[in-house]
Amino acid sequence: MAARIEDYALIGDMQTAALVSRDGSVDWLCLPRFDSPAVFAGLLGTDEHGFWRIGPADPVPEQPVVPPLPLPTGFDSTGEFRALPPTAAAPAQPATRRRYRGDSLILEQEWDTPRGTVRVIDFMPPRGLPERGAVPQMIRIVEGVSGRVRMRSALRMRFSYGRIVPWVHKVEDPANPENVRTVAVAGPDSVWLDGEAETYGRNLTTYADFTVQAGQRIAFALTWQPSHLGPPDQPDAEEALTATEEFWLDWASQCTYQGPYREAVVRSLITLKGLTYAPTGGIVAAPTTSLPEDIGGVRNWDYRFTWLRDATITLSSLLRTGYRDEARAWREWLLRAVAGDPENLQIMYGIAGERELTEATLDWLPGYEGSGPVRIGNGAAEQLQLDVYGEVVEALHLAHMTGLARNDHAFLLQLRLIGYLEQHWRDPDEGIWEVRGPRRHFVHSKVMAWVAVDRTIRMIEETPHEGPLERWRQLRDDIHEDVCENGFDRERNTFTQSYGSKELDASLLLIPQVGFLPPDDKRVIGTIEAIQRELLTPDGFVLRYPTSGGEEGLDGLPGDEGAFLACSFWLADDLAMIGRVAEARQLFEKLLSIRNDVGLLAEEWDPRLQRQVGNFPQAFSHVPLIDTALRLNACGGLPGM
Ligand SMILES: OC[C@H]1O[C@H](O[C@H]2O[C@H](CO)[C@@H](O)[C@H](O)[C@H]2O)[C@H](O)[C@@H](O)[C@@H]1O
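The rules behind the values
- Residues numbered from 1 in each chain as written.
- Predicted model: local features only at pLDDT ≥ 70, side-chain atom pairs only at ≥ 80, totals over all residues.
- Pairing = 2+ DSSP bridges.
- Helix = DSSP H or I, 4+ residues; strand = E, 2+ residues; numbered from the N terminus.
- Axes fitted to C-alpha atoms, helices over the stretch in contact; angles between N-to-C directions.
- Parallel < 35°, antiparallel > 145°, perpendicular 65-115°, else oblique.
- Left-handed = near helix turned anticlockwise from the far one by under 90°.
- Contact = placed C-beta atoms within 7 Å.
- Nonpolar A, V, L, I, M, F, W, Y, C, P; charged D, E, K, R; others polar.
- Expected span 1.5 Å × (residues − 1).
- Buried ≥ 20, exposed ≤ 12 C-beta atoms within 10 Å, placed from the backbone.
- Arc of directions from axis to C-beta.
- Domains from an automatic or database assignment.

- The name given to the chain in an unreviewed UniProt entry is Glycoside hydrolase family 15 protein, with the source organism recorded as Streptacidiphilus alkalitolerans.

Here it is, written out as structure tokens:
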């Protein structure tokens, strides 16, 4: 069974990413891209669906034991293996401690065992670094910290999301017969294992049993290569580690935020960078598919794509923290992806701008803790979500205002998006939450249509750009009036989820943040208070909207879900904006406290189970974390005040 979601840490090379659990098992890795089929899919099934675990071979007691334990069967008195060990996978034992190595995406996990302490360093060298190859590699260096520790590596590659058992064989290097490589081949893929320990196969699994002593380092590397090509170069693990560390430390040092939450902000930025597909500038919403929003339920989606919404807010956070290259790359990605008629704008694309994201289910995978179906592709790509127009225009406006060089294609795109909105803003849509029920007149969608028009007007007013100002000022007023007339419940003094509905929706918290109404407007305060009354979980986090348990709810799905972390950050923002800064800080710090021990957040938090749920790690959670930290900084005061 896979670990709890918060027991995973992310490593990646900005083209794909892996999840490594606290017990040293890599349970998720898609090769060669984020959206490629997984070679390790144990996360969504069992060990049978692929994993690579490296950890101590002996039981690790919870408390360090001072006298050495008797040697288990199979070892001689020096601690070396004297016979082939049993063919079970390495025992799954949680590391005693783990952390990222400074401001990097290099993971270090340590086990204190009765015979010594061992560290496993996991990372993926960014592709394209000087002298690094262009193919994906995962490197695992086992380092003896003290004593002598027996270790086991158990590697079970299953291509095509756990369905295909590859053909595994050994290849001798003709120039050096001592150098034996293990290769797994199936269809278009080959994965090569290089290691400084001898491997053997049992039960369709590749094992290595070895002992590591203080000061010794034993490296393993997994390299993907198209199967029709010859063997890939063997990586130099130590060189790759140095280059990878330099890359991340240099990148993180460019962050301009210096406030009290710097550790959380930098970790979030590194995570967002890790979710960026470097060759194109596209950003995935998360590197996983089908981690459930409701454990055991059907709310399981594939997030390995670039949503215009998620990516534009990511871009804004990067711009506000000094990362202009990423912002520039993303703007280029956007212009390429949406090229064509705005009538055909999609709300999400593949990481290189692909449009076909057809949804399918993988019947052979039981799903995370039995949460099926496991989906690949995403049907929401076909939806109409009017808010996306506002988010894209807002991001282009911010890019321009923060000094990103003028791009006339970007402004042309903006004009065409407004042209589309002029014709369609009155249409019902699926909204920010991508509901699978009937289309509605979502208040948030109309507000964001207003944002698109407002920012374009401002751009024309403030910079040497041209457009039909008078007509668009009228359009802006019309949308505003329509929302205030049809989307506001006077009796309850709150905006509502959609026109004519009595339901609330946490996306309404964005009304003051986007400037639709000022924070001190009574309707804004009424809405914040109504959301606090009706959408808070017992531990003070925010639900997106009410769900209805077993029944099919307004989103067209049965089941409930956790608190949506982005919405919880938005509440903290609103509280700060209306002057309730101490409450805002308290909520923000509570949100920080539910990050996992290496600073990562999934999409949601289950208040009943007190655990993270949904895809992981999620850009849509880390972006608002950064934004709220910046806002609290702007509000002044010391943390905790
Ligand atoms: O809850 C139903 C929908 O859930 C997913 O969408 C959510 O994630 C998106 C990516 O982060 C985000 O942009 C959106 O606002 C969220 O509601 C899923 O991708 C949809 O297919 C699904 O209908």
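1. A short note on the pairing of strand β10 (residues 167–173)
Consecutive side chains of a regular strand alternate in pointing toward one face of the sheet and then the other.
(1) Moving on: Note that β10 and strand β11 (residues 176–186) share 7 bridges and pair antiparallel. Residue pairing in the sheet places Glu-172 in a bridge with Val-180 of β11.

2. Observations regarding the packing of helix α8 (residues 443–462) against helix α9 (residues 469–486)
(1) Moving on: As a packed pair, α8 and α9 sit with axes 9 Å apart at the nearest point and diverge in direction by 155°. Comparing the axis directions of α8 and α9 gives the class roughly antiparallel. Note that α8 runs across α9; the crossing there is left-handed. Contacts from Val-443, Lys-446, Val-447, Ala-449, Trp-450, Val-453, Asp-454, Thr-456, Ile-457 and Ile-460 in α8 reach Leu-469, Trp-472, Arg-473, Leu-475, Arg-476, Ile-479, His-480, Asp-482 and Val-483 in α9.
(2) Moving on: Looking at the contact of α8 with α9, its residues break down into 12 nonpolar, 2 polar and 5 charged.

3. Things to note about α9
(1) Moving on: When the terminal C-alpha atoms of α9 are compared, their 26 Å separation across 18 residues agrees well with the 26 Å that a helix rising 1.5 Å per residue should span.
(2) Moving on: The complete set of buried residues in α9 reads Trp-472, Leu-475, Ile-479 and Val-483. Relative to the axis of α9, the buried residues are bounded by an arc of 60° and lie together on one face. Structural note: α9 exposes Glu-470, Gln-474, Asp-477, Glu-481 and Glu-485 on the side pointing more than 90 degrees away from its buried face.

4. Observations concerning the domain arrangement of the chain
(1) Moving on: Assigned domains of the chain: these are domain 1 (8–250) and domain 2 (254–458 + 469–635).
(2) Moving on: Taking only C-alpha atoms into account, the centre of domain 1 sits 36 Å from that of domain 2.
(3) Moving on: Across the contact, 25 residues belong to domain 1 and 29 residues belong to domain 2.
(4) Moving on: At the level of elements, β1 (8–12), β6 (97–100) and α1 (159–162) are the ones that each hand at least two residues to the side of domain 1 that touches domain 2.
(5) Moving on: Here the side of domain 1 that touches domain 2 gets 4 residues from one element, more than from any other, and that element is β1.

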